[in-house]
Amino acid sequence: MARRNWNNGVIGNTPLSAERLNSLEDDLEAALVQLARTPESLFSGSVTSNADGAPVSASVVWPDGSTGVYAGTASDEWPMLIDSYTITKTGVPVKTFTQPMVTRNDAGRITTRPAITIT
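Below is a summary of the structure that appears in this document. Being a predicted model, the structure only gives us computed values, none of them experimental.

Locating Gln99 in the fold gives a position in strand E7 (residues 95–99). Judged by its relative accessible area of 1%, Gln99 falls in the buried class. Engagement of the side chain of Gln99 in a polar contact is seen with the backbone oxygen of Pro114, the distance being 2.8 Å. Once you skip the residues sitting within four places of it in the chain, Gln99 turns out to touch Arg37, Ser84, Tyr85, Arg113, Pro114 and Ile116.

Right, let's get into the pattern of salt bridges. By the definition in use, this model includes 2 salt bridges. Lys89 is the partner of Asp64 in a salt bridge, and the nearest nitrogen-oxygen pair spans 2.9 Å. Of the two residues, Asp64 is situated in the loop between strand E4 (55–61) and strand E5 (67–74) and Lys89 in strand E6 (residues 82–89); the sequence distance between them amounts to 25 residues. The buried category is assigned to Lys89, whose relative accessible area is 9%. Among the salt bridges present, the one from Arg104 reaches Asp83, with a minimum N-O distance of 2.7 Å. Linking Arg104 in strand E8 (residues 103–104) with Asp83 in strand E6, this pair joins segments that are 21 residues apart in sequence. Considered together, Arg104 and Asp83 belong to a single accessibility category, that of buried residues.

What counts as what
- Residues numbered from 1 in each chain as written.
- Predicted model: local features only at pLDDT ≥ 70, side-chain atom pairs only at ≥ 80, totals over all residues.
- Heavy atoms only, no water.
- Helix = DSSP H or I, 4+ residues; strand = E, 2+ residues; numbered from the N terminus.
- Buried < 20%, exposed > 50% of the residue type's maximum accessible area, 1.4 Å probe, protein only.
- Polar contact = N/O pair within 3.5 Å; in protein donor to acceptor, adjacent residues only side chain to side chain.
- Contact = heavy atoms within 4.5 Å.
- Salt bridge = Lys/Arg side-chain N within 4 Å of Asp/Glu carboxyl O.

Here it is in structure tokens:
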């Protein structure tokens, strides 16, 4: 995620602590990745599913009110399941969270989930 590098300074009459602001950037990034891990919690409005019932697209609304789009890639072997997806968050800059393809066992359970990437 594009991250700001804060410096000590003053805005108005409020002193800024670079250490605290840089720490908040890390906390914010971790919170956004956690939300992106469960995209259905951000769905807003209609969800488009494929013929097997897997959710392949939806509009999303983040807790801060910013919007975005979810796009899922349905599993070829497990109907109704998604193997990878992207979810965007508007703002400056726009962020795209990508869950790379997961690996599933014979029961369809996820055995390997690569880390979400942010661009």
